[in-house]
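Structure assessment
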Amino acid sequence: MVTGLEDYQKNFLDLAIESNALRFVKNDGDEFILKSGRKSPYFFNLGLLNTGKLLSNLATAYAIAIIQSDIKFDIIFGPAYKGIPLAAIVCAKLAEIGGTKFEKIAYSFNRKEKKDHGEGGNIVGASLSGKKVLIIDDVMTAGTAINEAFQIIAENNGQVVGCIIALDRQEIVNESTRESAVQHVSKKYSIPVLSIVNLNDIIKYLDGKLTGAEKIKLEQYRELYGV
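The rules behind these values
- Residues numbered from 1 in each chain as written.
- Predicted model: local features only at pLDDT ≥ 70, side-chain atom pairs only at ≥ 80, totals over all residues.
- Heavy atoms only, no water.
- UniProt positions renumbered as here; feature names shortened; annotations may be inferred.
- 1 Å grid on protein atoms, 1.4 Å probe; cavity = no way out; pocket = protein on both sides within 12 Å on 5 of 7 lines; lining within 4 Å.
- Points joined across faces, edges and corners; volume = space filled by probe spheres on them.
- Helix = DSSP H or I, 4+ residues; strand = E, 2+ residues; numbered from the N terminus.
- Nonpolar A, V, L, I, M, F, W, Y, C, P; charged D, E, K, R; others polar.

The protein goes by orotate phosphoribosyltransferase in an unreviewed UniProt entry, where it is assigned to Saccharomycodes ludwigii. The Function (unreviewed entry) field of the UniProt record for the protein holds the comment "Catalyzes the transfer of a ribosyl phosphate group from 5-phosphoribose 1-diphosphate to orotate, leading to the formation of orotidine monophosphate (OMP)." Reading the Sequence similarities (unreviewed entry) entry of the UniProt record for the protein gives the comment "Belongs to the purine/pyrimidine phosphoribosyltransferase family. PyrE subfamily."

Structural data, given as structure tokens:
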């Protein structure tokens, strides 16, 4: 029996595997090439959690992690593009399961290009001005997208109070500081960065479910790049 993981985290991992959103290199397969150029024995694609059932469960996992964090915020901000549906579904789920204090939580997202007609600007949804903002996204690799989100929110007079992602890969992105993207962003902006699960959770929960070769590759990858 795996200890340390809550039911919502186990359910998230089960559905991620079932939907092929979380995949592992088979014994004779090629490793996944990441944006960083690293060869990884596993790959996570949140876009494959794309049915009503999967989205509802995904939103529940995000919502529970947010509720348990006790972060105080007014708006969930989803960076374009993957963050857009996440902000909307999690905002709705918080209102559904989080009680009255989450009923007025709003969401917003950015356009890739500013609109010069109608209401104009690059923000869709709730105004960020004077509000405490929680950024939501799928994963954090180099932290570039999150840095852009901080800039957009600052330009619109909002205050970022935290970030939440689905998966923390717990990988070093800065060789000099030996920090992961999550650690770097948390330190740089002095905010908490939450995740539904991390690589250690995956290895613990799937112990006995992966083949020996798959587990070895994961552990070797963690030894090479893990924080």
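Now, onward.
1. Some words on the layout of surface pockets
Considered as a void within the structure, the second largest pocket measures approximately 150 Å³ in volume. Residue lining of the second largest pocket: Leu46, Gly47, Leu49, Asn50, Leu55, Leu58, Lys82, Pro85, Leu86 and Ile89, and that is the complete set. Elements represented by at least two residues in the lining of the second largest pocket include exactly α2 (52–69) and α3 (83–97). The leading source of residues in the lining of the second largest pocket is α3, at three residues. Across the lining of the second largest pocket, the residue classes tally to seven nonpolar, two polar and one charged.

2. Focus: empty space enclosed by the protein
Applying the stated criterion to the full structure yields one cavity of 30 Å³ or more. Its boundaries defined by the atoms lining it, the largest cavity holds a volume of some 30 Å³. Phe12, Leu13, Ala16, Leu22, Phe44, Leu167, Val197 and Ile202 together form the lining of the largest cavity. Among the elements that make up the lining of the largest cavity, the one with the highest residue count is helix α1 (residues 7–18) (three residues). Grouping the amino acids of the lining of the largest cavity by side-chain chemistry returns eight nonpolar, no polar and no charged.

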